[in-house]
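Structural features, examined
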Amino acid sequence: MIIEADLHTHTCASTHAFSTIKENCRYASRYGLKGIAMTDHMTAMDDSPHKWHFHNMEILPRAISGVYVLKGVELNVTDTEGSVDMDEALLKKMEWCVASMHRSVFNCNDKELITNAYLKLCENPYIDVIGHPTSDAFPFDMEKCLKAFKEYGKLPEVNESSVVYKDGSRRNCIEMLKLCKKYEIPVVVDSDAHYCELVGMTPECEKLIDEIGFPVSLVENASWDMIRERVRKKHPDINI
Ligand SMILES: [Zn+2]
Ligand SMILES: [Zn+2]
């Protein structure tokens, strides 16, 4: 296992996922992870939790079963201008933000418009991760956008769940990793687990990383210290 923190996980607050935060953390602890980000779907998706879920996350302990929990969200990109479905007041409070395109929310397959959405998304200071940008459903100018992600400090995601289940994602992920290696663009490797036993599990992504000879030094969540530093820039008082 190459990662110390799984930064894209779901709980049963998103009703198509099946475990509680406590169950997720128990498995994260068993697998030796130092931290996870709890990133349930924001409200533009049909079976997301209510927005109060995100307002109330602060009541959760900082660590559960000895695993740090970053209180986060998986935002939906909602239009070709790179808008997301959370207002700024709440975005400011989030400790970890993944922003993703999902077909049920953003119904666009025009390469130029999707490229524009990703470039505009870069200007949003609250976003940490560009979630699973490897599905055939959303073609875009990968080289141009990956360079912009690096420039704006956004981390493109190598997503286990996408590689295993989404059309074209394995092929697109190989292309993305090769470009990130060439231009030294940092990435994150996440499970996108929807069930506790899958938290931290990224075997297919790790195989691709091995095959390509992708440097682990560019996998930002291979080091909890790197993630901690990043989160502290946004939240200087955070106790992690
Ligand atoms: Zn997603
Ligand atoms: Zn997800």
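Use the structure listed above.
Notes on the structure in this doc start here. What you see is a predicted model; the values in this text were computed from it and never measured.

Attention shifts here to the packing of helix α7 (residues 169-183) against helix α8 (residues 203-212). In the contact formed by α7 and α8, the axes pass within 10 Å of each other and the chain directions differ by 50°. As judged from the angle between their axes, α7 and α8 are oblique. When you trace α7 past α8, the crossing you get is right-handed. Within the contact between the two elements, α7 uses C173, I174, L177, K178 and K181 and α8 uses L208, I209 and I212. Of the residues in the contact of α7 with α8, the class split is 6 nonpolar, no polar and 2 charged.

Across the 7 residues that make up strand β2 (residues 35-41), a large majority, 7, are buried. Two strands pair when backbone bridges link them, and strand β1 (residues 5-9) and β2 are joined in this way by 3 bridges, in the parallel orientation. Bridged to A5 within β2 is G35. Note on the crossover from β1 through helix α1 (residues 21-30) to β2: the handedness is right-handed. In this structure, β2 lies alongside strand β4 (residues 67-76), joined through 7 bridges in parallel fashion. Each residue of the ladder has a partner; that of M38, found in β4, is K71.

Even without glycine at this site, E184 takes up a positive phi of about 55°. Structurally, E184 can be placed in the loop between α7 and β8 (188-190). Take E184: there are 10 C-beta atoms within 10 Å of it, and that puts it in the exposed class.

What counts, and at which threshold
- Residues numbered from 1 in each chain as written.
- Chains lettered and ligands numbered in written order.
- Predicted model: local features only at pLDDT ≥ 70, side-chain atom pairs only at ≥ 80, totals over all residues.
- Axes fitted to C-alpha atoms, helices over the stretch in contact; angles between N-to-C directions.
- Helix = DSSP H or I, 4+ residues; strand = E, 2+ residues; numbered from the N terminus.
- Parallel < 35°, antiparallel > 145°, perpendicular 65-115°, else oblique.
- Left-handed = near helix turned anticlockwise from the far one by under 90°.
- Contact = placed C-beta atoms within 7 Å.
- Nonpolar A, V, L, I, M, F, W, Y, C, P; charged D, E, K, R; others polar.
- Buried ≥ 20, exposed ≤ 12 C-beta atoms within 10 Å, placed from the backbone.
- Pairing = 2+ DSSP bridges.
- Right-handed = clockwise from strand over helix to strand, strands pointing away.

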